[in-house]
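Notes for the structure review
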Amino acid sequence: MKRYSKLIIAAIIALIFIGTFVFLWQKSQKKPVVYSELAAETMDIRKTTIITGKIEPRNEVNVKPQISGIIAELLKEPGQHVQQGEVIAKVKVIPDMGQLSSAESRVRLADINLKQIETDYERIKTLHDQKVVSDEDYEKSRQQLQQAREEKSAAVDALQVVRDGVSKSNASASSTLIRSTITGVILDIPVKVGNSVINSNTFNDGTTIATVANMNDLIFRGNIDETEVGQLAIGIPMKITIGALQDLEFDANLEYISPKATESNGANQFEIKAAVMLPTTSNTLRSGYSANAEIVLASATQVLTVPESAIEFSGDSTFVYVLKGKADKPADQQYERTAVETGLSDGVNIEIKSGLKKGDKVRGPQIITDDETQNN
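Residues numbered from 1 in each chain as written. Predicted model: local features only at pLDDT ≥ 70, side-chain atom pairs only at ≥ 80, totals over all residues. Heavy atoms only, no water.

Time to look at the overall build of the protein. Scanning the protein from terminus to terminus reveals 5 helices and 21 strands. Sequence-distant contacts in the protein: of pairs separated by 6 or more residues, those separated by 24 or more amount to 72%. Of the accessible surface of the protein, which amounts to about 24,000 Å², a share of 50% is contributed by carbon and sulfur atoms. (Helix = DSSP H or I, 4+ residues; strand = E, 2+ residues; numbered from the N terminus. Contact = heavy atoms within 4.5 Å. Areas by Shrake-Rupley, 256 points an atom, 1.4 Å probe, with all protein chains shown as cover.)

Adjacent strands of a sheet pair through backbone hydrogen bonds, lying either parallel or antiparallel. Reading across the sheet, the 4 strands line up as β3-β10-β8-β5 and stay open at both edges, with antiparallel pairing between neighbours. The strands lining the two open edges of the sheet, one partner per strand, are β3 (60–63) and β5 (81–82). Note that β3 and strand β10 (residues 210–213) share 4 bridges and pair antiparallel. The residue bridging valine 61 from the neighbouring strand is valine 212, located in β10. (Pairing = 2+ DSSP bridges.)

Another aspect to go through is the packing of aromatic side chains. The full count for this structure, using the stated rule, is 1 aromatic pair. Across from the ring centre of phenylalanine 319, 3.7 Å away, lies the NZ or CZ of arginine 337, which sits over that ring. Over the face of the ring belonging to tyrosine 321 we find arginine 363, whose NZ or CZ atom lies 4.0 Å from the ring centre. (Phe/Tyr/Trp six-rings, centres within 6.5 Å; stacked < 30°, edge-to-face > 60°. Lys NZ or Arg CZ within 6 Å of the ring centre and 35° of its normal.)

Following the criterion strictly, the structure yields 18 salt bridges and no others. For arginine 221, the salt bridge goes to glutamate 271, with nearest N and O atoms at 2.7 Å. Taken together, the residues span a long stretch of sequence, with arginine 221 in strand β11 (residues 218–225) and glutamate 271 in strand β15 (residues 267–277) at a distance of 50 residues. Across the salt bridge formed by aspartate 360 and lysine 357, the nearest N and O atoms sit 3.3 Å from each other. Salt bridges sharing common partners tie together Lys54, Glu56, Arg221 and Glu271. (Salt bridge = Lys/Arg side-chain N within 4 Å of Asp/Glu carboxyl O.)

Here the focus is helix α2 (residues 97–129). For α2, spanning 33 residues, the distance from its first C-alpha to its last is 48 Å, which sits close to the expected 48 Å at 1.5 Å a residue. Three or more residues of α2 are buried, namely Leu100, Ala103, Val107, Ala110, Leu114, Ile117, Tyr121 and His128. (Expected span 1.5 Å × (residues − 1). Buried < 20%, exposed > 50% of the residue type's maximum accessible area, 1.4 Å probe, protein only.)

Right, let's talk about the sheet that holds strand β4 (residues 69–74) for a bit. If you trace the 4 strands from one edge of the open sheet to the other, you get β7-β6-β4-β9, paired in antiparallel fashion. Looking along the sheet, the strands with just one partner apiece sit at the ends: β7 (177–179) and β9 (196–197). In this sheet, strand β6 (residues 87–93) lies alongside β4 in antiparallel orientation, the contact comprising 5 bridges. Along β6, the bridge assignment pairs glycine 69 with valine 93.

To continue, consider the nonpolar core. If you look at the biggest cluster of nonpolar residues, it comprises 28 residues, and the most contacted ones within it are Ile55, Phe220, Met238, Ile240, Ile242, Ile272 and Leu285. Secondary-structure elements contributing two or more residues to this core are β2 (41–57), β11, β12 (237–242), β13 (245–257), β15 and β16 (290–307). Not counting chain neighbours up to four residues away, the residues in contact with isoleucine 272 comprise Ile51, Phe220, Arg221, Gly222, Ile224, Leu232, Met238, Leu254, Tyr256, Ile257 and Ile295. One finds Val91, Ile189, Val191 and Ala210 within the second-largest nonpolar core, a separate group that totals 14 residues. (Core = buried A, V, L, I, M, F, W, Y, C linked by side-chain atoms within 4.5 Å.)

The next thing to look at is the pairing of β4. Strand direction decides the pairing type here: β4 and β9, joined by 2 bridges, are antiparallel. Of the residues in β9, the one forming a bridge with isoleucine 70 is serine 196.

A few words now on the environment of isoleucine 311. Topologically, isoleucine 311 is positioned in the loop between β16 and β17 (312–314). Residues isoleucine 311 and alanine 339, 28 residues apart in the sequence, show an inter-C-alpha distance of 9.8 Å. Once residues lying within four places of it in the same chain are set aside, the contact partners of isoleucine 311 are Val306, Thr318, Phe319, Val320, Val340, Thr342, Ile350 and Ile352.

Below is the structure:
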């Protein structure tokens, strides 16, 4: 009995050994290579590029005061629409003591001069009435009196401007009233009531009271790589998409290409600008929106194409593998290496100018099974 038991155990071990050997042998056998099949067909091809940039107004103006002082009142807020000449803020003047002293001195001197000339005029007028002084001397004295009065008035106005920022004679054009220089939307008011402001002069740019822009005239500004800028031309159309407004798309026309490159991350970039065409009733765009512009660099209509993955590149030549006949098994398919002339590519499909005809089947990428994926 023991003898039979040993034989059975030996047989079982032998079967396991043989089965393992057969399994490993089968696994070690090279799987037949199977390729996908792709058909040559006609379609439209467009080579496009995407440019990242932002939307901004064509004209953005910084409104600055004509005098130095303190913000006394703000009459507008960011986002409000203003007309040219409309008051945005009021400034309370803090007079410069040197200028104030000089203006007061000028008033005093003008007053002294006027009193002297008035006395002289009265004397000459009396003598003229007595026929002692000629008409010419009388007219000259009267002219001097008028000039002295004008000088006194100008000195008083100058004092009021230095002290108050406005004079009685030009109250309607007061420099204490900060007015918008263009019609548009207020983008920003970077000051608050009580802030000190200075006017623009030789030594500084002055304090910005408000930033105003015409939001009906917007441009797209971005940068394009030097490898693609040569394919652009002024006037070509663009499609603008806004990152924050995915459902909206705007047309634009390229209107500027920088003649000089700027280096960015080791690459030469050229600035471009495009006029954005807005709907007549559009209030959706805001200054500074991030945007992408799609530009068609080249296109071909109804040309013969194959997926670019089917192309074999060898030096300056290109080839495809054309299916010959039809085999019973995919692994037995036969392909013929054929030279083709290629044209425009959109990165997925490529134009075939010669070497193929519509409907031809070509060899595509190898089909990878799940077993091969696991083994890799």
